[in-house]
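# An overview of the molecular structure
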Amino acid sequence: MRARSRDEAHRAATPLELFFDLCFVVAIAQAGRQLVHDLAQGHPGHGIAGYLMLFFTVWWAWVNFSWFSSAYDTDDVPYRVVALVQIAGVLVLAAGIPRAFTAGDFRVVWFGYLVMRLAMVTQWLRAAHGSRGAERRAALRYAAGVTVCQIGWLALLFLPAGDIPWVFVVMGLLELSVPALAERERRTSWHPHHIAERYGLFTIIVLGETVSAATVAVQSALDEHKAPGVLLPVAAGGLLLVFAAYWIYFAVPIHLHLHSNRQAFLWGYGHYLVLGSAAAVGAGIEVAVEESVGTAQLSAFAAAACVTVPGALYIATVWLIHSRHQKRGPAQQLVLPVSAVLVLACTFAGHGAVPAAGLVAAATVAVGVTLTARQGTALAEEQPPRSADPRPRA
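Report on the accompanying structure. Just so it is clear, the structure is predicted and the values come from calculations on it, not from any experiment.

This brings us to a nonpolar patch on the surface. A surface patch of nonpolar side chains, amounting to about 530 Å² of accessible area, comprises Trp166, Val169, Val170, Leu173 and Leu174. Relative to the helices and strands, Leu174 is located in helix H7 (residues 164–182). Residue Leu174 is classed as partly exposed on the basis of its relative accessible area, which comes to 42%.

The following block contains the structure:
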């Protein structure tokens with residue numbers, strides 16, 4: 001196994017990487033379903049805490065694979081087999097999420113994570129075998145760090161349930177520190193354009209899962225309650241919010257910003273909130289649908305917050321780690337922060353909160369497009385006219 005070039009032209013995601021992403025979304029969907037259940041039953045504290053912990057577990061395993069594949073994807077038989085083993089691990093993890101959520105039993109989740117992490121260690125050891133010097137030491141540090149962290153997750157199986165959130169905080173910080181420690185001498189050869197594409201594709205898949213979950217919720221409510229006049233505004237508002245989420249994320253090319261590990265790691269770590277809030281929007285729409293037909297045990301204000309809070313968090317986080325690096329001037333910089341505040345303010349609209357949030361998100365896109373077009377026109381007008389070419393043309 002040899003490191004791929006950071007300057008490789010036309011580097012794109014592979015079919016195996018896309019398959020990998022789709023299988024990970026199964027686990028995200030499981031966490032979302034459990035979040036919907038707890039929110040609809042009036043247990044937001046338990047639901048949000050469980051969702052944040054389990055989403056981190058799934059997201060971090062995806063991050064480990066994605067950055068490794070950006071640097072070392074050989075796409076040969078051993079690489080493919082180990083990647084498929086990792087997929088099997090995430091499916092085991094997904095199967096254990098309901099039990100972990102409801103009963104605090106993390107045995108199945110831990111075993112699925114063990115399968116994924118052992119496969120990841122195997123990949124790093126293979127990379128170390130094919131390298132020398134600082135590159136080899138970085139690969140060995142990764143293998144050691146992943147192993148130590150996996151052992152640390154055993155605390156989930158032996159400590160009291162009340163200590164589990166603290167286990168996640170401590171172990172999460174240790175996990176996030178592994179890349180910085182492993183690459184302190186030499187940066188792995190991750191590819192800026194490829195890693196930006198990988199995160200973008202995973203964002204699309206998560207948004208697709210959000211649309212799917214909301215569609216199933218609306219369909220079920222229609223079948224059971226026959227209330228299209230109540231459900232259509234929620235469905236339309238949720239769809240506008242998801243469409244705007246897609247547009248906002250892909251409005252700017254981010255790979256030009258990813259020059260160093262510091263920039264790339266902060267951007268990559270920030271996607272925990274981007275992806276987590278994107279998936280939570282779908283769960284919130286499901287809760288809003290249940291509340292609108294009277295099957296949820298929470299108020300209209302609380303149901304609205306289930307959509308507007310993750311929606312505002314998504315917009316604010318995308319601006320903070322992603323979009324602001326390409327914005328020019330105070331007007332462009334203010335669009336997304338102001339939009340996040342307005343989406344959050346829609347919470348007070350009660351049953352009209354979701355359609356109102358959708359309209360705010362759509363207006364955000366319209367304003368952003370208008371400002372970008374005006375900036376392009378102004379730049380074109382500032383450029384001096386080209387002198388006529390005196391040479392005769394054929």
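Relative to the 46 Å expected for 32 residues at 1.5 Å per residue, helix H10 (residues 261–292) spans 46 Å between its end C-alpha atoms, a close match to the ideal helical length. Approximately 25 degrees is the largest bend angle found in H10, and it occurs at His271. With 26 of its 32 residues buried, H10 lies for the most part within the structure. Immediately beyond the C-terminal end of H10, within one or two residues, lies Gly294, with a positive phi of roughly 85 degrees.

Running from N to C, helix H8 (residues 192–225) and helix H9 (residues 228–249) cross one another at 180 degrees; their axes reach a closest spacing of 11 Å. By the angle class used here, H8 and H9 are roughly antiparallel. Facing Tyr199, Gly200, Thr203, Leu207, Thr210, Val211, Val218, Ala221 and Leu222 of H8, the residues of H9 in contact are Pro228, Leu231, Ala235, Val242, Ala245, Tyr246 and Tyr249.

A few words now on the environment of Gln332. For Gln332, the location among the structural elements is in helix H12 (residues 329–345). Sequence-wise, Gln332 and Phe24 are 308 residues apart; in three dimensions their C-alpha atoms are separated by 34 Å. Residue contacts for Gln332: discarding those within four places in its chain leaves Lys327, Leu371, Thr372 and Gln375.

On inspection of all chains with the given rule, the structure shows ten salt bridges. Between Asp75 and Arg80 there is a salt bridge; the shortest N-O distance is 3.0 Å. Residue Asp75 is classed as partly exposed on the basis of its relative accessible area of 31%. Put simply, Arg141 and Glu185 hold a salt bridge, and the shortest N to O gap is 2.3 Å. In this pair, Arg141 sits in helix H5 (residues 133–152) while Glu185 sits in the loop between H7 and H8, placing the two residues 44 residues apart along the sequence.

Considering all chains together, one arrives at 28 aromatic pairs under this definition. Here the aromatic rings of Trp62 and Tyr199 are separated by 5.0 Å at their centres, their planes lie at 85 degrees, and the arrangement is edge-to-face. Of this pair, Trp62 sits in helix H2 (residues 44–72) while Tyr199 sits in helix H8, and the two are 137 residues apart along the sequence. An identical accessibility class is assigned to Trp62 and Tyr199; each is buried. Pairing Phe301 with Phe348 gives two aromatic rings, centres 5.4 Å apart and planes at 55 degrees, and the pair type is tilted. Of this pair, Phe301 sits in helix H11 (residues 300–321) while Phe348 sits in the loop between H12 and helix H13 (353–382), and the two are 47 residues apart along the sequence.

Criteria and thresholds
- Residues numbered from 1 in each chain as written.
- Predicted model: local features only at pLDDT ≥ 70, side-chain atom pairs only at ≥ 80, totals over all residues.
- Heavy atoms only, no water.
- Patch = residues over 30% accessible without salt bridge, like charges linked within 9 Å, V, L, I, M, F, W, Y side chains within 5 Å.
- Areas by Shrake-Rupley, 256 points an atom, 1.4 Å probe, with all protein chains shown as cover.
- Salt bridge = Lys/Arg side-chain N within 4 Å of Asp/Glu carboxyl O.
- Helix = DSSP H or I, 4+ residues; strand = E, 2+ residues; numbered from the N terminus.
- Buried < 20%, exposed > 50% of the residue type's maximum accessible area, 1.4 Å probe, protein only.
- Expected span 1.5 Å × (residues − 1).
- Bend = angle between axes of the 7 residues up to and from the residue.
- Axes fitted to C-alpha atoms, helices over the stretch in contact; angles between N-to-C directions.
- Parallel < 35°, antiparallel > 145°, perpendicular 65-115°, else oblique.
- Contact = heavy atoms within 4.5 Å.
- Phe/Tyr/Trp six-rings, centres within 6.5 Å; stacked < 30°, edge-to-face > 60°.

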